[in-house]
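Next come the chains, spelled out residue by residue.
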Amino acid sequence: MGIGPSVTSTMFSLAPPIFAVSSYMGPHVVIEAQADMPVVGAITLYVSLLTFTLHVHPDRLDYVDQVLGACVKKLSGKPKLEDSKATKQIVALLSAPLEKYHDIVTALTLSNYPRVMDHLDNGTNKVMAMVIIQSIMKNSTCISTADKVEALFELIKGLLKDLDGFPVDELDEEDFKEEQNSVARLIHMFYNDDPEEMLKIICTVKKHIMTGGPQRQPFTVPPLIFSALRLVRRLQGQEGDVVGEEEPATPKKIFQLLNQTIEALSSVPSPELALRLYLQCAEAANDCDLEPVAYEFFTQAFILYEEEIADSKAQVTAIHLIIGTLQRMNVFGVENRDTLTHKATGYSARLLKKPDQCRAVYACSHLFWVDDQDGIKDGERVLLCLKRALRIANAAQQMATVARGSSGPVTLFVEILNKYIYFFEKGNSQVTSSAIQGLIELITGEMQSESTTSDPSTDAFFASTMRYIQFQKQKGGAIGEKYDSIKV
């Protein structure tokens, strides 16, 4: 004979006394009466009890906390668990509230939750920390206060810094990267609409990740920087000086925090990453119309380039990042902009390889001709950059001839020709049709020379450029007239 609905309802209506018996009589009598009960057996019992509690009383977090507290009492005085069966049961115990509530914020209110985690060995502690992060990501949980971030970081501290007796050098490299990438993704889940609280969250994150050591910071600092920059853009246009911690959140205050954070990263050392972040901050300061702040970030980027970046490939990447960012800046006055552009062009011409020099120098021409900025249309300096790039390309050809007996492809000349055409169309009076004609003839002559190495991609590039000029000539009107004197 089955149990009817009315009987089932009656059974569940008796749940509070059942829980009372289970929580006080069960664990304390059965487990304590059997002092020799294996730890794994006791924990298994607590897992069953917690599962029952979450099913019958999901709204009574105090009951859930009592079960966890009873487990803590059983484990107190014992060394950290290393038995694989016992640690597996502890992970199951700690995972149960996450699976039930789908919300780490609820678990953070359980005072005994972190106390149970403290009994895990270092390896299992990190496994549980990953389970917590995965739960947050899966459920898109937003952590919205600094206190909650503090409590969460206490739970996952095994991923944030070296635990006693467990140095980072002993970790598997792939596992370590996965863990730190998870922490980085987690930082993007911290958000509050209130700027003051959001700044507190950022400061809390900074406090913890700065203790992570040189191997963790390249993973964890960038998401913190971008989280702070997102707050800066929300506050864009606000004024305010930094007087103390009680002052309201302002862009200037946040930029000071960013400067300190990136400076720590540059000493890790991760100079290439630090340089990228300095440039990101400079661009944000530009958008906030804070010229001194933007100039300081550029200064720090140049110092890193000079003193820390020695690899030739890294230098090429860095100088193009600097040029590209500087091109988008509109906050600088004439003096500051001239100083920075002079530095950029100087570094470009001092790169190790001639082709790299050439490309960086002609990229600098864009610093003197920016379409969306009034007043930055210095045709003469554009032409100087292009002529300098042409001289470097010619020197590269001569060096190739001496070293290899052939001058190599004329790719650099074709690239420079395209820059000439670009500025010619933009209305730079210094770039004339005769200059373009001369460059076309130079390239044609070089390609016909026996010392020049044929390259299909360069040939196609030049042919495409010639077709473009022919297309412009056939347009008629002002454009056609502009190109009319160029013979292809």
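Residues numbered from 1 in each chain as written. Predicted model: local features only at pLDDT ≥ 70, side-chain atom pairs only at ≥ 80, totals over all residues. Heavy atoms only, no water.

Turning to the overall build of the chain, a few remarks are in order. Helix and strand counts for the chain stand at 24 helices and zero strands. Taking all 488 residues of the chain together, 48% fall into the buried category. Within the chain, contacts between residues at least 6 apart in sequence are counted, and of these 69% link residues at least 24 apart. Carbon together with sulfur atoms contributes 53% to the accessible area of the chain, which is approximately 23800 Å² in total. (Helix = DSSP H or I, 4+ residues; strand = E, 2+ residues; numbered from the N terminus. Buried < 20%, exposed > 50% of the residue type's maximum accessible area, 1.4 Å probe, protein only. Contact = heavy atoms within 4.5 Å. Areas by Shrake-Rupley, 256 points an atom, 1.4 Å probe, with all protein chains shown as cover.)

This part covers the environment of L120. Among the structural elements, L120 can be located in the loop between α7 (113-117) and α8 (122-138). L120 gets classed as buried once you look at its relative accessible area, which sits at 0%. For the pair formed by L120 and L81, sequence separation is 39 residues and the distance between their alpha carbons is 5.4 Å. Ignoring anything within four residues of it in the chain, the contact list for L120 reads K80, L81, T87, I90, L94, N125 and M128.

Here we come to unusual backbone geometry. Most peptide bonds take the trans form, and the phi angle of most residues other than glycine is negative. Non-glycine residue H102 carries a positive phi angle of around 55°. Even without glycine at this site, D289 takes up a positive phi of about 60°. As for its placement among the helices and strands, D289 is situated in the loop between α15 (271-287) and α16 (291-307).

Further remarks concern the confidence of the model for the chain. In regions of low pLDDT, the predicted coordinates are not meant to be interpreted in detail. The share of residues in the chain with pLDDT of 70 or more is 87%, and the mean pLDDT across the chain is 86. In this model, residues 240-245 is a region of pLDDT below 50 whose contacts with residues beyond four sequence positions or in other chains number nine contacts. (pLDDT = per-residue confidence, 0-100.)

What follows is about helix α21 (residues 411-425). Given a rise of 1.5 Å per residue, 15 residues ought to cover 21 Å, and the 21 Å separating the end C-alpha atoms of α21 matches this to within 8%. Along α21, the positions that sit buried rather than exposed are T411, L412, F413, V414, E415, I416, L417, Y420, I421, F423 and F424. Those residues of α21 that are buried lie in contact with α19 (354-364), α20 (379-404), α22 (433-448), α23 (456-473) and α24 (477-483). Immediately beyond the C-terminal end of α21, within one or two residues, lies G427, with a positive phi of roughly 95°. (Expected span 1.5 Å × (residues − 1).)

To continue, consider the pattern of salt bridges. In this structure the tally under the stated criterion is 12 salt bridges. In this structure, the salt-bridge partner of R233 is D287, at a minimum N-O distance of 2.5 Å. Of this pair, R233 sits in helix α13 (residues 217-234) while D287 sits in helix α15, and the two are 54 residues apart along the sequence. R233 sits in the partly exposed class, given a relative accessible area of 37%. Looking at D287, the relative accessible area reads 35%, which means it is partly exposed. Here E415 ties to R359 by a salt bridge, and the two come within 3.0 Å at their closest N and O atoms. With E415 in helix α21 and R359 in helix α19, this pair connects stretches of sequence that are 56 residues apart. Under the relative-accessibility criterion, E415 is labelled buried at 14%. (Salt bridge = Lys/Arg side-chain N within 4 Å of Asp/Glu carboxyl O.)

Mapped onto the elements, H366 comes out in the loop between α19 and α20. We classify H366 as buried; its relative accessible area is 11%. Excluding residues within four positions of it along the chain, H366 makes contact with Q327, K419, Y422 and F423.

Across the interface, helix α14 (residues 251-266) lies against α15 with an axial gap of 9 Å and an inter-helix angle of 165°. When the axis of α14 is compared with that of α15, the two are roughly antiparallel. For the pair α14 and α15, the crossing hand works out as left-handed. Between α14, through F255, L258, N259, I262, E263, L265 and S266, and α15, the contact on the second element is made entirely by L273, A274, L277, Y278, C281, A284 and A285. Within the contact of α14 with α15, the residues separate by chemical class into 11 nonpolar, two polar and one charged. (Axes fitted to C-alpha atoms, helices over the stretch in contact; angles between N-to-C directions. Parallel < 35°, antiparallel > 145°, perpendicular 65-115°, else oblique. Left-handed = near helix turned anticlockwise from the far one by under 90°. Nonpolar A, V, L, I, M, F, W, Y, C, P; charged D, E, K, R; others polar.)

Okay, a negative patch on the surface next. Taken together, the side chains of D172, E174, D175 and E178 make up a negatively charged region of the molecular surface. Within the secondary structure, D172 sits in the loop between α10 (157-160) and α11 (173-187). The partly exposed category is assigned to D172, whose relative accessible area is 42%. (Patch = residues over 30% accessible without salt bridge, like charges linked within 9 Å, V, L, I, M, F, W, Y side chains within 5 Å. Lys, Arg positive; Asp, Glu negative; His and termini not counted. Charge placed at Lys NZ, Arg CZ, Asp CG, Glu CD.)

There is a patch of like positive charges on the surface, built from R350, K387, R388 and R391. Topologically, R350 is positioned in the loop between α18 (334-348) and α19.

The next subject is α14. With 16 residues, α14 extends 22 Å from end C-alpha to end C-alpha; this agrees with the ideal 22 Å at 1.5 Å per step. Buried within α14 are the following residues: P251, K253, I254, F255, L257, L258, N259, T261, I262, L265 and S266. In this structure, the buried residues of α14 make contact with α12 (195-209), α13, α15 and α16.

Bringing the packing of α14 against α16 into the picture now. Contact pair α14 / α16: the axes reach a minimum separation of 12 Å and the direction vectors enclose 5°. Here α16 runs roughly parallel to α14, going by the angle between their axes. Contacts between α14 and α16 involve F255, N259 and S266 from the first element and V293, E296, F297, Q300 and L304 from the second. Considering only residue class, the contact of α14 with α16 consists of four nonpolar, three polar and one charged.

What follows concerns the environment of H119. Position of H119 among the secondary structure elements: in the loop between α7 and α8. If sequence neighbours within four positions are ignored, H119 has contacts with V72, L75, S76, K80 and L81.

Attention now moves to the packing of aromatic side chains. As enumerated under the stated definition, the model contains 11 aromatic pairs in all. Summarising the aromatic geometry, the rings of F176 and F219 are spaced 6.1 Å apart at their centres and angled 90° between planes, so their arrangement reads as edge-to-face. Of this pair, F176 sits in helix α11 while F219 sits in helix α13, and the two are 43 residues apart along the sequence. The exposure class of F176 is buried, given its relative accessible area of 8%. A centroid spacing of 6.0 Å and a plane angle of 70° characterise the contact between F298 and F332, whose relative ring orientation is edge-to-face. (Phe/Tyr/Trp six-rings, centres within 6.5 Å; stacked < 30°, edge-to-face > 60°.)

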